[in-house]
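Chain residues, written in single-letter form:
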Amino acid sequence: MTMDSGALRARPAATRRNARTHALEIIRQKIITLELAPGARLSENELAGQLGLSRTPIRESLILLAEEQLVFVVPQVGTLVAPILLSEIETAQFVRESLELAALSESVARATPDDIAELNAIIDAQRIADSRKTQAGFFTLDEEFHATLMGISGHGSAWRTVAQAKAHLDRARHLSLSFTGMSVLIDQHQVITDSLAAGNGDAAASAMREHLRRVFNDIAAVRQTNPELFTLDPSQ
(Lines give C-alpha, C1' and ligand atoms only; values in the text may rest on other atoms or scores of the structure.)
Protein backbone atom coordinates (compact mmCIF):
# COMPACT_ATOMS: atom_id res chain seq x y z
CA MET A 1 0.00 0.00 0.00
CA THR A 2 1.31 3.45 -0.92
CA MET A 3 0.72 6.71 0.91
CA ASP A 4 -0.03 9.96 -0.84
CA SER A 5 3.11 12.11 -0.89
CA GLY A 6 1.01 15.25 -0.38
CA ALA A 7 -0.25 13.87 2.93
CA LEU A 8 3.33 13.20 3.98
CA ARG A 9 4.26 16.81 3.26
CA ALA A 10 1.14 18.22 4.96
CA ARG A 11 1.57 16.34 8.22
CA PRO A 12 4.72 18.14 9.47
CA ALA A 13 3.19 21.51 8.53
CA ALA A 14 0.00 20.66 10.42
CA THR A 15 2.06 19.52 13.39
CA ARG A 16 3.95 22.81 13.42
CA ARG A 17 0.69 24.76 13.26
CA ASN A 18 -0.77 22.73 16.11
CA ALA A 19 2.33 23.29 18.24
CA ARG A 20 2.27 27.02 17.52
CA THR A 21 -1.46 27.23 18.30
CA HIS A 22 -0.91 25.33 21.54
CA ALA A 23 1.95 27.59 22.58
CA LEU A 24 0.07 30.73 21.57
CA GLU A 25 -3.02 29.82 23.58
CA ILE A 26 -1.07 28.97 26.73
CA ILE A 27 1.28 31.98 26.67
CA ARG A 28 -1.56 34.35 25.78
CA GLN A 29 -3.66 33.01 28.65
CA LYS A 30 -0.77 33.40 31.08
CA ILE A 31 -0.41 37.03 30.02
CA ILE A 32 -4.14 37.74 30.22
CA THR A 33 -4.47 36.18 33.68
CA LEU A 34 -1.35 38.09 34.80
CA GLU A 35 0.51 34.90 35.63
CA LEU A 36 3.01 36.59 33.36
CA ALA A 37 2.87 40.16 34.62
CA PRO A 38 3.68 43.34 32.69
CA GLY A 39 7.45 43.69 32.44
CA ALA A 40 8.16 39.97 32.86
CA ARG A 41 11.01 38.74 30.64
CA LEU A 42 10.13 35.83 28.37
CA SER A 43 12.78 33.25 27.57
CA GLU A 44 12.21 31.09 24.50
CA ASN A 45 14.25 28.30 26.07
CA GLU A 46 12.34 28.38 29.34
CA LEU A 47 8.96 28.49 27.65
CA ALA A 48 9.93 25.67 25.32
CA GLY A 49 10.98 23.58 28.30
CA GLN A 50 7.81 24.33 30.25
CA LEU A 51 5.55 23.48 27.32
CA GLY A 52 7.56 20.55 26.01
CA LEU A 53 8.02 22.15 22.61
CA SER A 54 10.86 23.27 20.39
CA ARG A 55 11.82 26.94 20.23
CA THR A 56 10.28 27.42 16.77
CA PRO A 57 6.58 27.40 17.82
CA ILE A 58 7.49 29.53 20.84
CA ARG A 59 9.21 32.10 18.65
CA GLU A 60 6.30 32.12 16.19
CA SER A 61 3.84 32.56 19.06
CA LEU A 62 5.76 35.51 20.44
CA ILE A 63 5.67 37.17 17.01
CA LEU A 64 1.87 36.83 16.97
CA LEU A 65 1.62 38.13 20.53
CA ALA A 66 3.73 41.11 19.53
CA GLU A 67 1.17 41.88 16.81
CA GLU A 68 -1.46 42.01 19.58
CA GLN A 69 0.90 44.30 21.52
CA LEU A 70 0.94 41.83 24.39
CA VAL A 71 4.73 41.48 24.21
CA PHE A 72 7.51 43.63 22.83
CA VAL A 73 11.21 43.23 22.12
CA VAL A 74 13.86 45.41 23.75
CA PRO A 75 17.30 45.31 22.08
CA GLN A 76 19.99 43.73 24.30
CA VAL A 77 17.28 42.77 26.80
CA GLY A 78 14.88 40.37 25.10
CA THR A 79 11.13 39.85 24.88
CA LEU A 80 9.04 41.38 27.67
CA VAL A 81 5.37 41.24 28.55
CA ALA A 82 3.87 44.57 27.54
CA PRO A 83 2.10 46.89 29.96
CA ILE A 84 -1.68 47.10 29.68
CA LEU A 85 -2.52 49.55 26.89
CA LEU A 86 -5.26 51.96 27.89
CA SER A 87 -6.04 52.77 24.25
CA GLU A 88 -6.64 49.08 23.56
CA ILE A 89 -8.95 48.86 26.57
CA GLU A 90 -11.09 51.67 25.21
CA THR A 91 -11.25 50.09 21.76
CA ALA A 92 -12.07 46.66 23.16
CA GLN A 93 -14.79 48.14 25.35
CA PHE A 94 -16.30 49.85 22.30
CA VAL A 95 -16.30 46.58 20.33
CA ARG A 96 -17.65 44.58 23.24
CA GLU A 97 -20.39 46.99 24.22
CA SER A 98 -21.53 47.49 20.63
CA LEU A 99 -21.80 43.79 19.87
CA GLU A 100 -23.20 42.66 23.22
CA LEU A 101 -25.90 45.32 23.33
CA ALA A 102 -26.88 44.60 19.72
CA ALA A 103 -27.10 40.89 20.49
CA LEU A 104 -29.03 41.52 23.70
CA SER A 105 -31.69 43.51 21.85
CA GLU A 106 -32.33 40.49 19.63
CA SER A 107 -32.21 38.05 22.54
CA VAL A 108 -35.24 39.63 24.22
CA ALA A 109 -37.63 38.15 21.67
CA ARG A 110 -35.73 34.87 21.31
CA ALA A 111 -34.97 33.86 24.89
CA THR A 112 -36.73 30.66 25.97
CA PRO A 113 -37.32 29.36 29.51
CA ASP A 114 -34.45 26.92 28.90
CA ASP A 115 -32.16 29.81 27.97
CA ILE A 116 -33.06 31.66 31.17
CA ALA A 117 -32.51 28.49 33.19
CA GLU A 118 -29.06 28.08 31.63
CA LEU A 119 -28.11 31.65 32.49
CA ASN A 120 -29.34 31.20 36.06
CA ALA A 121 -27.36 27.96 36.37
CA ILE A 122 -24.19 29.83 35.36
CA ILE A 123 -24.99 32.54 37.92
CA ASP A 124 -25.45 29.87 40.60
CA ALA A 125 -22.03 28.46 39.71
CA GLN A 126 -20.59 31.97 39.93
CA ARG A 127 -21.97 32.35 43.46
CA ILE A 128 -20.24 29.11 44.41
CA ALA A 129 -16.97 30.40 42.93
CA ASP A 130 -17.44 33.60 44.92
CA SER A 131 -18.01 31.69 48.15
CA ARG A 132 -14.81 29.74 47.51
CA LYS A 133 -12.87 32.89 46.52
CA THR A 134 -11.78 31.32 43.23
CA GLN A 135 -11.28 34.27 40.89
CA ALA A 136 -10.03 32.11 38.02
CA GLY A 137 -13.15 29.96 38.20
CA PHE A 138 -15.36 33.02 38.33
CA PHE A 139 -13.64 34.60 35.33
CA THR A 140 -14.23 31.46 33.25
CA LEU A 141 -17.89 31.46 34.25
CA ASP A 142 -18.15 35.16 33.48
CA GLU A 143 -16.97 34.45 29.94
CA GLU A 144 -19.45 31.59 29.71
CA PHE A 145 -22.30 33.83 30.83
CA HIS A 146 -21.62 36.48 28.20
CA ALA A 147 -20.97 33.94 25.43
CA THR A 148 -24.22 32.14 26.29
CA LEU A 149 -26.13 35.40 26.33
CA MET A 150 -24.78 36.29 22.89
CA GLY A 151 -25.65 32.82 21.64
CA ILE A 152 -29.32 33.36 22.53
CA SER A 153 -29.42 36.15 19.93
CA GLY A 154 -28.49 33.69 17.20
CA HIS A 155 -25.12 35.38 16.69
CA GLY A 156 -23.02 33.27 19.01
CA SER A 157 -20.07 33.17 16.60
CA ALA A 158 -19.66 36.94 17.12
CA TRP A 159 -18.27 36.14 20.56
CA ARG A 160 -15.01 35.14 18.88
CA THR A 161 -14.66 38.69 17.63
CA VAL A 162 -15.27 40.04 21.12
CA ALA A 163 -12.85 37.58 22.72
CA GLN A 164 -10.08 38.37 20.24
CA ALA A 165 -10.45 42.13 20.71
CA LYS A 166 -10.34 42.25 24.47
CA ALA A 167 -6.97 40.83 25.53
CA HIS A 168 -5.82 44.06 27.22
CA LEU A 169 -9.30 44.61 28.64
CA ASP A 170 -9.26 41.13 30.16
CA ARG A 171 -5.92 41.83 31.83
CA ALA A 172 -7.46 44.90 33.44
CA ARG A 173 -10.55 42.91 34.39
CA HIS A 174 -8.42 40.37 36.24
CA LEU A 175 -6.82 43.20 38.17
CA SER A 176 -10.17 44.87 38.86
CA LEU A 177 -11.69 41.83 40.56
CA SER A 178 -9.78 42.70 43.71
CA PHE A 179 -11.49 46.11 43.72
CA THR A 180 -15.01 45.25 42.56
CA GLY A 181 -15.49 41.86 44.15
CA MET A 182 -17.27 39.04 42.42
CA SER A 183 -20.60 39.49 44.20
CA VAL A 184 -21.24 42.90 42.61
CA LEU A 185 -20.74 41.49 39.11
CA ILE A 186 -22.87 38.45 39.87
CA ASP A 187 -25.72 40.66 41.07
CA GLN A 188 -25.47 42.60 37.81
CA HIS A 189 -25.65 39.34 35.85
CA GLN A 190 -28.80 38.50 37.77
CA VAL A 191 -30.44 41.82 36.90
CA ILE A 192 -29.62 41.31 33.21
CA THR A 193 -31.06 37.80 33.30
CA ASP A 194 -34.20 38.79 35.19
CA SER A 195 -34.83 41.67 32.80
CA LEU A 196 -34.39 39.34 29.84
CA ALA A 197 -36.77 36.82 31.40
CA ALA A 198 -39.36 39.58 31.85
CA GLY A 199 -38.97 40.67 28.23
CA ASN A 200 -37.83 44.11 29.32
CA GLY A 201 -35.24 45.03 26.72
CA ASP A 202 -34.65 48.55 27.98
CA ALA A 203 -33.92 47.37 31.53
CA ALA A 204 -31.68 44.57 30.24
CA ALA A 205 -29.71 47.00 28.05
CA SER A 206 -29.33 49.53 30.86
CA ALA A 207 -28.08 46.84 33.24
CA MET A 208 -25.68 45.47 30.62
CA ARG A 209 -24.27 48.91 29.84
CA GLU A 210 -23.68 49.63 33.54
CA HIS A 211 -22.11 46.20 33.97
CA LEU A 212 -19.69 46.54 31.06
CA ARG A 213 -18.63 50.08 31.92
CA ARG A 214 -17.91 49.39 35.57
CA VAL A 215 -14.43 48.23 34.64
CA PHE A 216 -13.37 51.84 33.91
CA ASN A 217 -13.89 52.88 37.53
CA ASP A 218 -11.99 49.83 38.69
CA ILE A 219 -9.10 50.52 36.32
CA ALA A 220 -8.84 54.05 37.69
CA ALA A 221 -8.52 52.59 41.19
CA VAL A 222 -5.92 50.03 40.08
CA ARG A 223 -3.86 52.74 38.34
CA GLN A 224 -3.68 54.69 41.58
CA THR A 225 -1.87 51.82 43.29
CA ASN A 226 -0.09 50.19 40.32
CA PRO A 227 0.55 52.82 37.63
CA GLU A 228 3.53 50.88 36.28
CA LEU A 229 1.17 48.18 34.92
CA PHE A 230 -0.41 50.55 32.39
CA THR A 231 0.67 52.80 29.57
CA LEU A 232 -0.98 55.34 27.30
CA ASP A 233 1.66 55.02 24.59
CA PRO A 234 2.42 51.54 23.14
CA SER A 235 5.86 52.76 22.06
CA GLN A 236 6.93 53.34 25.66
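Details of the structure are given in the entry above.
Residues numbered from 1 in each chain as written. Predicted model: local features only at pLDDT ≥ 70, side-chain atom pairs only at ≥ 80, totals over all residues. Heavy atoms only, no water.

Undergrad: Where do I start with the pattern of salt bridges in this structure?
TA: Any two side chains of opposite charge can pair, given that their charged atoms come close. The final tally for this structure, using the stated rule, is 13 salt bridges. Salt-bridge contacts for Glu-143 lead to Lys-166; the nearest nitrogen and oxygen are separated by 2.8 Å. You can see Glu-143 sitting in helix α6 (residues 135–152) and its partner Lys-166 sitting in the loop between α7 (158–165) and α8 (167–180), a full 23 residues away along the chain. Note on accessibility: Glu-143 and Lys-166 belong to one class, buried. The network of salt bridges with common partners includes Asp-142, Glu-143, Lys-166, Asp-170 and Arg-173. (Salt bridge = Lys/Arg side-chain N within 4 Å of Asp/Glu carboxyl O. Helix = DSSP H or I, 4+ residues; strand = E, 2+ residues; numbered from the N terminus. Buried < 20%, exposed > 50% of the residue type's maximum accessible area, 1.4 Å probe, protein only.)

Undergrad: Before we go on, may I ask you to explain the environment of Leu-80 in this structure?
TA: Along the chain, the position of Leu-80 falls in strand β3 (residues 78–81). For Leu-80, a relative accessible area of 14% corresponds to the buried category. Remark: the alpha-carbon pair of Leu-80 and Gln-190, spanning 110 residues in sequence, is separated by 39 Å. Residues in contact with Leu-80, not counting those within four places in the same chain, are Gly-39, Ala-40, Arg-41, Leu-70, Val-71, Phe-72 and Val-74. (Contact = heavy atoms within 4.5 Å.)

Undergrad: Looking at this structure, I do not really get empty space enclosed by the protein. What am I missing?
TA: By the definition in use, this model includes 2 cavities of 30 Å³ or more. The space that makes up the largest cavity amounts to roughly 210 Å³. Forming the walls of the largest cavity are 17 residues, and the residues nearest its centre are Asp-142, Arg-173, Leu-185, His-211 and Val-215. Roughly 40 Å³ of volume is contained in the second largest cavity. Residue lining of the second largest cavity: Glu-100, Ala-103, Leu-104, Ser-107, His-146, Leu-149, Met-150 and Met-208, and that is the complete set. (1 Å grid on protein atoms, 1.4 Å probe; cavity = no way out; pocket = protein on both sides within 12 Å on 5 of 7 lines; lining within 4 Å. Points joined across faces, edges and corners; volume = space filled by probe spheres on them.)

Undergrad: Help me understand the environment of Thr-148, please; the structure alone is not making it clear to me.
TA: Relative to the helices and strands, Thr-148 is located in helix α6. For the pair Thr-148 and Ala-129, spaced 19 residues apart in sequence, the C-alpha to C-alpha distance is 18 Å.

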